[in-house]
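Spelled out from the first residue to the last, the chains are:
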Amino acid sequence: MTSPVTARDRAKAERSDAILHAAARLFAARGYSGVSLEDIGAAVGVSGPAVYRHFAGKQALLGAVLVKVSQDLISGGRRVAAESPSADQRMRALIGFHVEFALGNAEVIQVQDRDVAFLSEADRAEVRRLQRAYIELWMAALSPLQAPEGGADQDELRLRVQACFGLINSTPHSTRTAARRHSATATVLIAMADAALRATT
């Protein structure tokens, strides 16, 4: 039997989430090396040492940010894939999900692209494992569209998927916040990603 969640538990969880969001925002703006625990604590109204009540240190915070984004991608991707009845709908659902995620989490995408080298060995291995699983989910969705009879080239599938990720994930770097929030941005990006995945050689 699990213990009931107390108000104190909820408050601690909310503070941890606030610290994670502040860390992601500051890492994106200044880079991992340009941010201190004191900066992160100040952003949520606590002292730097108080952050240690929630995380072991700055590197652990970076790990929590990047492991979480990888977990969110794979869990969300699996959900939309499972809800799609056909191969074509599955691929389109994955594209739409990833575009929405990238546009809504621009800061975390920037941190993932730039600061992964600062992760601990264990966190880096976990992020890589989750990323591989996410790529393989997309490859499985793309395979029947590229080779309906089976036998799709795995290296080509991986290339197409990773190129598609590059296209989508580069948008947070090259567009203003207002543009990312505009529905037309997502529409154009979805069309471009779909075309890139299905391009003939």
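Notes on the structure follow. Just so it is clear, the structure is predicted and the values come from calculations on it, not from any experiment. (Residues numbered from 1 in each chain as written. Predicted model: local features only at pLDDT ≥ 70, side-chain atom pairs only at ≥ 80, totals over all residues. Heavy atoms only, no water.)

### Things to note about the overall build of the protein chain
Line of reasoning, step 1. When helices and strands are counted, the protein chain shows ten helices and zero strands.
Line of reasoning, step 2. Taken from N to C terminus, the helices and strands of the protein chain fall in the order α-α-α-α-α-α-α-α-α-α.
Line of reasoning, step 3. Dimensions of the protein chain, computed from C-alpha atoms along their principal axes, come out at roughly 60 × 45 × 35 Å.
Line of reasoning, step 4. Counting only residues that meet the buried cut, the protein chain has 42% of its 201 residues in that class.
Line of reasoning, step 5. In the protein chain, of all internal contacts separated by at least 6 residues, the share reaching a separation of at least 24 is 72%.
Line of reasoning, step 6. With the model as given, the accessible surface of the protein chain reaches about 11,000 Å², and the carbon-plus-sulfur share is 53%. (Helix = DSSP H or I, 4+ residues; strand = E, 2+ residues; numbered from the N terminus. Buried < 20%, exposed > 50% of the residue type's maximum accessible area, 1.4 Å probe, protein only. Contact = heavy atoms within 4.5 Å. Areas by Shrake-Rupley, 256 points an atom, 1.4 Å probe, with all protein chains shown as cover.)

### Description of the nonpolar core
General note: in soluble globular proteins, nonpolar side chains tend to be found buried as a group.
Line of reasoning, step 1. Ranked by size, the top nonpolar core spans 59 residues in total, and within it Ile40, Leu61 and Trp138 carry the most contacts.
Line of reasoning, step 2. Apart from residues no more than four positions distant in its own chain, Leu61 is found in contact with Ile19, Leu20, Ala23, Leu37, Ile40, Val51 and Phe55. (Core = buried A, V, L, I, M, F, W, Y, C linked by side-chain atoms within 4.5 Å.)

### A few points about the side chain of Arg160
Line of reasoning, step 1. Summarising the element assignment, Arg160 is placed in helix α7 (residues 154-169).
Line of reasoning, step 2. In this structure Arg160 comes out as buried when scored by relative accessible area, which is 10%.
Line of reasoning, step 3. Side-chain polar atoms of Arg160 contact the backbone oxygen of Leu197, separated by 2.8 Å. (Polar contact = N/O pair within 3.5 Å; in protein donor to acceptor, adjacent residues only side chain to side chain.)

### Considerations on the packing of helix α3 (residues 58-82) against helix α6 (residues 121-146)
Line of reasoning, step 1. Across the interface, α3 lies against α6 with an axial gap of 9 Å and an inter-helix angle of 15°. Comparing their axes, α6 and α3 come out roughly parallel. The interaxial crossing formed by α3 with α6 has left-handed handedness. Contact residues: Gln59, Gly63, Leu66, Val67, Ser70, Gln71, Leu73, Ile74, Gly77, Arg78 and Ala81 in α3; Asp123, Glu126, Val127, Leu130, Gln131, Ala133, Tyr134 and Leu137 in α6. (Axes fitted to C-alpha atoms, helices over the stretch in contact; angles between N-to-C directions. Parallel < 35°, antiparallel > 145°, perpendicular 65-115°, else oblique. Left-handed = near helix turned anticlockwise from the far one by under 90°.)

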